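# Inside the fold
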Amino acid sequence: MSATEAPRRLLGVVGWSGCGKTSLLEFLVAALAREGLRVNVVKHSHHDVELEPPRKDSARLRMAGAAEVLLASPYRVAILRELRGAPEPPLAQHLARLAPAELTLVEGYKWERMPKLEVFRPGLGRPALYPDDPDIVAVASDAPAPVEQGGPAWLDLNDRQAVLGWLRAWMQKEARQA
């Protein structure tokens, strides 16, 4: 790895809709960014996402048939690609487009093989994912840890500083193993 490349640590954040994944991610990203770390985020959505008003030039060019439109301003850059019936690109293809970062957090993609943090709220009435997913290395929950021994680390979802502490320790462990 060259000196200009940052390690590509990857952690999925998974859980059922409405469990608080985005709120937790927002806190973690802000805290790590304040510490000077570069953090990328990939967010998967099952919905059609409108990123620009249909009347704007970039939308008009995309709808005219452009394969991709790169929209650049002094404030941000976005690449928009219409799939036009093509299969959704795999996560690996999206990750390859990202700039290097100390950490890339992936919200969604629970079917992908990567280390994962599950956000689990039993009150939603949905089952935990960790019993059936060996890639889940930690669970942040508003419920007490299960009685059984072993399994993923159990974190208090309501103690965001503790979740952040776990994430820092996990990143250090991953760096030592790289």
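Refer to the structure presented above.
So, a few notes on the structure that sits alongside this text. (Residues numbered from 1 in each chain as written. Predicted model: local features only at pLDDT ≥ 70, side-chain atom pairs only at ≥ 80, totals over all residues. Heavy atoms only, no water.)

## Examining the overall build of the chain
- Scanning the chain from terminus to terminus reveals four helices and eight strands.
- In the chain, the succession of α and β elements from N to C terminus is β-α-β-α-β-β-α-β-β-β-β-α.
- Principal axes of the C-alpha set define a box for the chain whose edges measure 60 × 45 × 25 Å.
- Of all 178 residues assigned to the chain, the portion counted as buried reaches 34%.
- A sequence separation of at least 24 residues applies to 54% of the contacts in the chain between residues at least 6 apart.
- Here the chain has roughly 11,200 Å² of accessible surface; of this, 54% comes from carbon and sulfur atoms.
- Averaging the positions of the 23 positive and the 22 negative side-chain charges in the chain gives two centres separated by 4 Å. (Helix = DSSP H or I, 4+ residues; strand = E, 2+ residues; numbered from the N terminus. Buried < 20%, exposed > 50% of the residue type's maximum accessible area, 1.4 Å probe, protein only. Contact = heavy atoms within 4.5 Å. Areas by Shrake-Rupley, 256 points an atom, 1.4 Å probe, with all protein chains shown as cover. Lys, Arg positive; Asp, Glu negative; His and termini not counted. Charge placed at Lys NZ, Arg CZ, Asp CG, Glu CD.)

## Overview of the pattern of salt bridges
- Following the criterion strictly, the structure yields ten salt bridges and no others.
- Ionic pairing is found between R60 and D57, a salt bridge with its closest N-O pair at 3.6 Å. With R60 and D57 both in helix α2 (residues 57-64), this residue pair falls three residues apart, about one helical turn. When sorted by exposure, R60 lands in the same class as D57, which is exposed.
- Between K116 and D133 there is a salt bridge; the shortest N-O distance is 2.7 Å. Here the residue K116 occupies a position in strand β6 (residues 116-120), and D133 occupies one in the loop between β6 and β7 (136-141), the gap between them amounting to 17 residues.
- The buried category is assigned to K116, whose relative accessible area is 1%. (Salt bridge = Lys/Arg side-chain N within 4 Å of Asp/Glu carboxyl O.)

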